[in-house]
Amino acid sequence: MVKLKDHHQWWETNIGTDLRGIRIPGPEEWGRYMADSQHADRKLMRARIDKSCKTLLDVGCGACEELKGLKEDGFDDMKYTGVDVTPKLVDYWKAQGVDIVQADCEELPFEDSNFDVTTARHIIEHMPTFEKP
């Protein structure tokens, strides 16, 4: 189990709750909150992935919208692996059969050069530093 840092704990504590009158979505509705698989920036990113790539690491995967988008865009043979630091999200997607690992992007549990493509969408702005990842 990854020990959550203060800036990570917020998500674990507040996912699926009402916070001062604002609904923080749960795992099943996270895609609507963080842009679904067909959002323009997600599509733009996928358009740059060579179809010959066979493995993709999605760091900060949240609702695994990239997995959905890859399937929608015909990346049928690509092996997807998601990484997120938030236990509620990881547990939810594991139960859905997604290959997902709980990890901090500063301490990824993979060997270097283990994936053909790595994505990390909207995570840097949530980190105190970005040099190590």
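Shown above is the structure to which this text applies.
Parameters at a glance
- Residues numbered from 1 in each chain as written.
- Predicted model: local features only at pLDDT ≥ 70, side-chain atom pairs only at ≥ 80, totals over all residues.
- Heavy atoms only, no water.
- Helix = DSSP H or I, 4+ residues; strand = E, 2+ residues; numbered from the N terminus.
- Rg over C-alpha atoms; globule rule 2.2 N^0.38 Å.
- Buried < 20%, exposed > 50% of the residue type's maximum accessible area, 1.4 Å probe, protein only.
- Contact = heavy atoms within 4.5 Å.
- Areas by Shrake-Rupley, 256 points an atom, 1.4 Å probe, with all protein chains shown as cover.
- Lys, Arg positive; Asp, Glu negative; His and termini not counted.
- Charge placed at Lys NZ, Arg CZ, Asp CG, Glu CD.
- Core = buried A, V, L, I, M, F, W, Y, C linked by side-chain atoms within 4.5 Å.

Draft legend 1. Just the overall build of the protein, in detail. The secondary structure content of the protein amounts to 5 helices and 6 strands. In terms of overall size, the protein behaves like a compact globule, its C-alpha atoms giving a radius of gyration of 15 Å where 133 residues would be expected to give roughly 14 Å. Referenced to the eigenvectors of the C-alpha coordinate spread, the extents of the protein come out at roughly 45 × 30 × 25 Å. Burial analysis of the protein (133 residues in total) assigns 44% to the buried set. The long-range fraction of contacts in the protein, counting pairs at least 24 apart against all pairs at least 6 apart in sequence, stands at 57%. Surface summary for the protein: the accessible area is close to 7,900 Å², and the carbon and sulfur share equals 52%. Between the averaged position of the 18 positive side-chain charges in the protein and that of its 26 negative side-chain charges there is a distance of 3 Å.

Draft legend 2. Local environment of the nonpolar core. Counting residues in hydrophobic clusters, the biggest one holds 21 residues, and the most contacted among them are Ile-49, Cys-64 and Tyr-80. Within the residue set of this core, elements represented by two or more residues are helix 4 (65-72) and helix 5 (87-95). The biggest single contributor to this core is helix 5, with 3 residues. In contact with Cys-64, other than residues within four places in its own chain, are Tyr-80, Trp-93, Val-98 and Ile-100. Counting residues in each nonpolar core, the second largest holds 8 residues, with Val-83, Ala-103, Phe-115 and Met-127 among its members.

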